[in-house]
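Residues per chain, in single letters:
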Amino acid sequence: MIWRTIGRLILVPIASLLAAIAASAVLVTLGLEKFTHATFGRELNPDNLALILDWVLEGLRWASAMTILPAVAVILIGEVAGIRSWLYYVIGGGVALASIPLMTVLDQGVAAAVPVAALWQVLATAGFAGGLVYWLIAGRTA
């Protein structure tokens, strides 16, 4: 029993890291695709460059420490409850990443705008990928 616990203490952080890498890859790929569609055919003038800089800064803000909290909550609940369902980890990962804009809006107060649907789709898809990777590595044996 003690060896299983030690094994989980080693496996879970490794699986979490690999899931974060997979989610980041999907996030960057889909985000770049959405960014390209939004800027296609526009000249790069100072206004567009300011918009691009705003998008990059917002992306960096969402990639800050608060983005890990929902994912850790999903992992802890799954580990403690012994949930082995792939559906739990995939949906949990999607909800965890899709909740990031809500936390950002709450952080900015009432005056902040609700993010566009494309942002929700990109984040949820990246979360789905991260949840699936986590389940493949560690979730199946929770």
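Above this text is the structure in question.
Residues numbered from 1 in each chain as written. Predicted model: local features only at pLDDT ≥ 70, side-chain atom pairs only at ≥ 80, totals over all residues. Heavy atoms only, no water.

A. Structural context of the overall build of the protein. Tallying secondary structure elements over the protein gives six helices and zero strands in all. Within the protein, the proportion of its 142 residues that are buried is 28%. Sequence separation of at least 24 residues holds for 78% of the intrachain contacts in the protein that already meet a minimum separation of 6. On the protein, roughly 9,000 Å² of surface is accessible, and the fraction owed to carbon and sulfur atoms is 77%. (Helix = DSSP H or I, 4+ residues; strand = E, 2+ residues; numbered from the N terminus. Buried < 20%, exposed > 50% of the residue type's maximum accessible area, 1.4 Å probe, protein only. Contact = heavy atoms within 4.5 Å. Areas by Shrake-Rupley, 256 points an atom, 1.4 Å probe, with all protein chains shown as cover.)

B. Representation of the packing of helix H4 (residues 86-98) against helix H6 (residues 117-137). For the pair H4 and H6, the least separation of the axes is 6 Å and the interaxial angle reads 145°. Here the hand of the crossing between H4 and H6 comes out right-handed. From H4, Trp86, Tyr89, Val90, Ile91, Gly93, Gly94, Leu97 and Ala98 reach across to H6, where they touch Trp120, Leu123, Ala124, Ala126, Gly127, Phe128, Gly131, Leu132, Tyr134 and Trp135. In the contact of H4 with H6, the residues fall into 14 nonpolar, four polar and no charged. (Axes fitted to C-alpha atoms, helices over the stretch in contact; angles between N-to-C directions. Left-handed = near helix turned anticlockwise from the far one by under 90°. Nonpolar A, V, L, I, M, F, W, Y, C, P; charged D, E, K, R; others polar.)

C. Layout of H6. The end-to-end C-alpha distance of H6, which contains 21 residues, comes to 31 Å, matching closely the 30 Å that a straight helix rising 1.5 Å per residue would cover. Regarding H6, the residues found buried are Val122, Leu123, Ala124, Ala126, Gly127, Gly130, Gly131, Tyr134 and Trp135. (Expected span 1.5 Å × (residues − 1).)

D. Region of the structure containing H4. With 13 residues, H4 ought to run about 18 Å at 1.5 Å a step, and its terminal C-alpha atoms sit 18 Å apart, in line with that. Of the residues flanking the start of H4, the one acting as N-cap is Ser85, its side-chain oxygen 3.2 Å from the backbone nitrogen of Leu87. (Polar contact = N/O pair within 3.5 Å; in protein donor to acceptor, adjacent residues only side chain to side chain.)

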